[in-house]
Amino acid sequence: MAGVAVSTTINGDHVEYLCQPDETLLDVLRDRLGLTGAKEGCGTGDCGACSIILDNRLVCSCLVLGAEAEGRIVETVEGMAHGEKLHTLQQKFLEHAALQCGICTPGFLIAAKDLLAKNPDPSEEEIRFGLAGNLCRCTGYDKIVRAVQDAANVMKGA
Amino acid sequence: MNFDPRFSGRKFASVGTRPIRPDGIDKVTGRARYGADFNMAGQLVGRILRSPHAHAKILKIDTSKAEKLAGVKAVITAADLPDLTDGDAAMYDVLDNCMARSKALYDGHAVAAVAAVDASTARQALKLIQVAYELLPHVTDVDEAMKHTAPLINDTIFTEGLEEKPVKPSNVTKRSQFGHGDVHQGFGHADFIVERSFKTEQTHQGYIEPHACVANVSSDGTADLWVCTQGHFVYRQHCAQLLGLEASKLRVTSSEIGGGFGGKTHVWAEPVALALSRKAGRPVKLVMTRDEVFRASGPTSATSIDVKIGARKDGTITAAEATLRYSSGPYAGTWAEIGAMTAFACYKLDNVKTVGYEVLVNRPKTAAYRAPSAPMAAFAVESAVDELAKELGMDPVEFRIKNAAQEGTRSSYGPVYGPIGIGPTLEAAKTHPHMKAPLGKNQGRGMACGFWFNFGGQTCTDLNIGMDGSVSLAVGTVDVGGSRASLSLVAAEELGIAYEQVKAVVADTSSLGYNDMTDGSRGTFSSSMATISAARNAIKILRDRAAQMWDIPVDDVVWENGHAIAKGEKYGNLAALSLKEIAAASGKTGGPIAGHSELVADGAGVSFATHICDIEVDPETGAARVIRYTVIQDAGKAVHPTYVEGQYQGGAAQGIGWALNEEYIYGKDGRLQNAGFLDYRIPVCSDLPMIDTQILEIPNPNHPYGVRGVGETSIVPPLAAIANAMSNAAGVRMTHIPMSPPRVLAAIEAEREGRA
């Protein structure tokens with residue numbers, strides 16, 4: 001099959017690539033662009049490990065075609081830190097040990113970033129429902145929720 | 001090596017603190033490399049063709065069309081993985097599970113594989129492989145499989161462990177028995193007896209990272225394997241044996257691992273990837289889909305358990321007995337045996353007997369899942385213990401305290417206990433504020449106890465001191481949840497330096513001696529013992545170098561707080577030498593400074609926990625929700641308390657999922673009906689409350705710092721704690737796990753009808 005030429009913006013950079021019409025954006029990010037921060041846990045939109053932000057909307061990149069990124073703005077975990085300076089959420093995930101194996105962490109960080117952008121002062125319940133599309137099998141979510149609460153408090157004060 | 005592993009009761013400077021893990025930044029920035037994040041130049045994509053049938057003879061596999069498809073570089077079947085197991089029955093089963101030889105034994109069993117230039121070509125090639133099957137009758141239920149009329153999965157199986165070899169083959173591979181005393185006599189002394197039967201459904205570890213590897217076999221007989229695994233040295237051994245490679249010529253590198261919980265202790269697709277690479281002459285990347293993970297990796301056993309416990313009016317248990325039947329998939333296992341060992345381990349019993357039966361079924365091969373086999377046995381026993389307390393009119397905590405095992409108790413599985421934590425965790429539960437918190441309508445509280453052995457095993461560690469005084473620690477136990485942080489703390493503690501001065505890495509199989517897997521909660525226990533030993537060996541050298549620098553006898557040099565100190569008034573003019581100063585001079589005093597350790601970490605201290613749980617049940621739907629949860633567990637010594645809490649919380653959450661929702665559902669056709677995270681639903685964030693933890697520290701006398709394993713015990717009590725809470729919340733005794741809404745509703749309705 002002939003490839004589809006795509007021109008898009010990823011983490012603020014202009015990016016162009018060729019992809020197959022049936023290729024997911026997750027596969028493009030991981031296999032063509034070397035952005036392996038987004039993970040494939042299921043390929044069916046059930047685990048959230050491949051979460052990215054597409055035009056300010058939280059999506060599972062395994063459910064988006066690479067061709068659909070044309071002209072849009074893509075944010076992945078690789079774009080969260082600025083140089084050596086971690087995003088507050090990244091820092092709080094480390095401080096609270098909100099990760100054990102860490103495979104779900106990029107997805108959680110992106111989902112939490114999206115949540116706090118839309119609701120800067122979420123209750124515990126709002127955090128729990130806001131992150132319910134992301135599976136973590138290691139932590140029981142306790143420390144993830146606490147990290148997000150702490151980050152929200154810091155970001156509110158900033 | 002004259003290493004003394006005994007507990008010494010020292011004061012800690014680093015151990016017990018909570019620094020940020022060394023692999024943390026890579027994991028929050030997306031830089032950490034997991035199984036599927038590695039690539040090699042020229043790599044092919046591997047894919048596996050799997051049986052859609054639960055039980056079938058493989059009559060013929062025609063791969064010719066697939067081989068002719070443009071872009072296909074190799075197609076393999078069992079013929080490409082010849083039997084090199086040399087009479088090793090367990091390894092033969094591993095081989096057969098990796099690639100079916102004469103029969104497909106479960107839905108998802110691998111029958112062929114391809115390597116192609118890209119994923120879509122590989123998928124297309126699988127469709128061109130023609131397999132002729134002759135369908136055979138199948139059995140997927142553990143009780144059905146034990147019946148004389150059940151289809152035979154392997155007609156060479158004659159039950160082991162019976163007094164006489166049976167005349168006929170069956171699906172029961174082994175009978176095992178544990179206990180002491182005379183249960184018949186013990187039940188004779190009982191005033192109350194509770195007897196119940198229980199079932200638990202099969203669950204999966206549910207790690208978010210599917211199995212993934214990149215294999216590269218060269219024509220000179222050397223090979224590399226990059227893989228997510230809990231034990232790269234074990235993977236090397238197994239892969240080398242199955243492929244006919246020399247172990248030292250196969251280098252296995254463990255990637256970051258995205259969860260394992262026991263499921264990444266077995267090779268599944270790795271030998272297939274190696275065989276594909278060997279045939280294609282190119283690197284092959286093989287990543288399982290989620291569907292494949294559910295159908296064809298290793299879930300835990302489904303079980304059927306009978307329990308009988310008797311007690312006197314004063315609350316003393318007089319006898320306890322259990323029969324445990326565990327499915328092991330289509331291959332022999334020792335799962336019921338482990339269940340039989342753990343079942344009554346929390347209690348001091350004069351008369352106890354447990355019997356385990358290992359049962360073959362047409363389901364994927366059972367693998368370890370966090371304290372494997374113990375949660376199901378604890379579900380049955382701890383449910384019956386609660387029922388018995390009720391009959392006696394005793395508080396369930398008091399009843400357990402009265403019968404709890406102690407130091408000196410002969411355990412139900414044989415050994416005599418040293419200092420243990422079951423009593424202390426129960427006492428802590430008794431006084432915990434959670435126990436006194438008020439409950440609302442349709443809410444109930446339950447509690448339960450759990451036990452796990454903890455493993456030790458073969459461990460090898462290198463500690464190298466750089467010329468700048470920084471320390472690199474190379475360990476061979478895979479870091480599944482923060483062990484590089486805990487082991488760096490241990491190295492810092494022993495050397496008397498800052499945590500930040502140590503960098504721990506997991507070394508590949510060519511860089512370090514053999515290590516057993518990270519399983520049995522052994523990672524921090526074993527590797528910290530080896531790290532302490534390696535550090536002490538390095539300190540010997542550091543003292544020797546300082547003695548040289550000062551030109552005094554080494555016996556006059558002691559090591560304190562990261563410095564060599566010349567002992568005695570005569571050396572009053574010699575300023576202490578720091579590790580950094582000694583390292584800087586090492587080129588002139590004898591070369592690099594390193595400490596090595598090779599040991600078998602014996603004496604893993606057993607682990608106990610008590611959990612308290614509140615649930616709310618909707619009587620209209622049967623849906624239950626955990627509203628408060630507390631874990632109390634003995635850690636021996638919590639090296640990094642935050643990650644210890646994390647283990648407690650994570651195990652509890654998995655247990656909650658198992659108790660309420662998770663199960664493998666098979667159709668009458670023997671096919672798995674819910675092979676995905678949508679239909680096999682693990683707990684999400686909005687399903688759970690915060691999970692409170694209380695760490696007790698009863699030192700393990702067989703570890704210098706008193707460390708016990710902490711990873712697994714936390715999954716043992718939740719099934720029973722929630723069942724006991726359910727009994728108090730909804731008035732129904734649930735004997736079938738998971739307590740999913742339809743089962744709970746049916747029980748509530750049956751109870752209502754019974755009362756009407």
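When helices and strands are counted, chain B shows 21 helices and 27 strands. Since a compact globule built from 756 residues should have a radius of gyration of about 27 Å, the 27 Å found for chain B is in line with a globular shape. For the C-alpha atoms alone, the extent of chain B along its principal axes is close to 90 × 75 × 55 Å. The buried share of chain B, reckoned over its 756 residues, is 63%.

Right, let's get into the domain arrangement of chain A. Residues and elements named next belong to chain A. We note that the domain assignment places domain 1 (4-79) and domain 2 (88-157) within chain A. Placing the centre of domain 1 and that of domain 2 at their C-alpha centroids yields a distance of 21 Å. Contact residues are listed per partner, giving 15 residues for domain 1 and 13 residues for domain 2. A combined buried area of about 1100 Å² lies between domain 1 and domain 2, and 61% of that area is made up of carbon and sulfur atoms. For the domain 1 face of the interface with domain 2, the top three residues by lost area are Ile53, Leu58 and Val77, together amounting to 39%. There are one salt bridge connecting domain 1 and domain 2.

Residue and element names in this part refer to chain B. Two numbers describe how helix 11 (residues 374-392) lies on helix 20 (residues 718-730): the axes approach to 7 Å, and their chain directions differ by 35°. With respect to the hand of their crossing, helix 11 and helix 20 are arranged in right-handed fashion. Across the interface between the two elements, Pro375, Ala378, Phe379, Glu382, Ser383, Asp386, Glu387 and Lys390 of helix 11 pack against Leu719, Ala720, Ala723, Asn724, Ser727 and Asn728 of helix 20. Looking at the contact of helix 11 with helix 20 residue by residue, the class counts come to six nonpolar, four polar and four charged.

The next subject is the packing of aromatic side chains. Residues and elements named next belong to chain B. The full count for this structure, using the stated rule, is 19 aromatic pairs over all chains. Measuring from centroid to centroid gives 5.6 Å for Phe294 and Phe677, while their planes differ by 85°, and the two rings are edge-to-face. Here Phe677 lies in the loop between helix 19 (641-660) and strand 26 (691-696) and Phe294 lies in helix 9 (residues 290-296), a separation of 383 residues in the sequence. Across the pair, exposure class does not vary: Phe294 and Phe677 are buried alike. Between Tyr413 and Phe451 the ring centres are 5.6 Å apart and the planes differ by 45°, which places this aromatic pair in the tilted class. Within this pair, whereas Tyr413 is found in the loop between helix 12 (396-403) and helix 13 (422-431), its partner Phe451 is found in strand 16 (residues 443-452), the two being separated by 38 residues in sequence. Considered together, Tyr413 and Phe451 belong to a single accessibility category, that of buried residues. In this structure an aromatic cluster arises from ring pairing among Tyr413, Tyr417, Phe451, Trp452, Phe453, Phe455 and Phe608. In this structure, Lys165 packs its charged tip against the face of Phe158, placed 4.6 Å from the ring centre. Sitting over the face of the ring of Phe187, Lys308 holds its NZ or CZ atom 4.3 Å from the ring centroid.

Cut-off values and rules
- Each residue is numbered by its place in its chain's sequence as written, counting from 1.
- Written order decides the labels, with chains lettered from A and ligands numbered from 1.
- Reporting in this predicted model follows two pLDDT cut-offs: at least 70 for local features of residues, and 80 or more for side-chain atom pairs to be given and counted; totals over whole chains, interfaces and linings ignore these cut-offs and use all residues.
- In computing side-chain properties, one takes all heavy atoms of the structure into account and sets aside hydrogens as well as water.
- Secondary structure is summarised from DSSP: a helix means a run of H or I of at least four residues, a strand means a run of E of at least two, and numbering begins at the N terminus for each.
- The globule rule used here is 2.2 Å times the number of residues to the 0.38 power, and the radius of gyration it is set against is calculated over C-alpha atoms.
- A 1.4 Å probe rolled over the protein chains alone gives each residue an accessible area, and that area as a share of the maximum for its type sets the label: buried under 20%, exposed over 50%, partly exposed in between.
- Annotation comment: domain bounds sourced from an automatic or database domain assignment.
- Contacts between residues were defined by any pair of non-hydrogen atoms, one from each residue, lying within 4.5 Å.
- By convention, the term buried area covers the 1.4 Å-probe accessible surface removed from two parts as they join, with the contributions of both added.
- The salt bridge criterion pairs a side-chain nitrogen of Lys or Arg with a carboxyl oxygen of Asp or Glu, the two atoms within 4 Å.
- The axes are straight lines fitted to the C-alpha atoms, using for helices just the contacting stretch, and the angles between their N-to-C directions are given from 0 to 180°.
- With the far helix as reference, a near helix turned anticlockwise by less than a right angle produces a left-handed crossing, and one turned clockwise produces a right-handed crossing.
- Each residue is assigned to one class: nonpolar for Ala, Val, Leu, Ile, Met, Phe, Trp, Tyr, Cys and Pro, charged for Asp, Glu, Lys and Arg, and polar for all the others, Gly among them.
- The aromatic pairing rule takes the rings of Phe, Tyr and Trp, using the six-membered ring of Trp, and pairs them if the centres are within 6.5 Å, calling planes under 30 degrees apart stacked, those over 60 edge-to-face and the rest tilted.
- Look at NZ for Lys and CZ for Arg. If either is within 6 Å of the ring centre and within 35 degrees of the ring normal, a charge sits over the ring.

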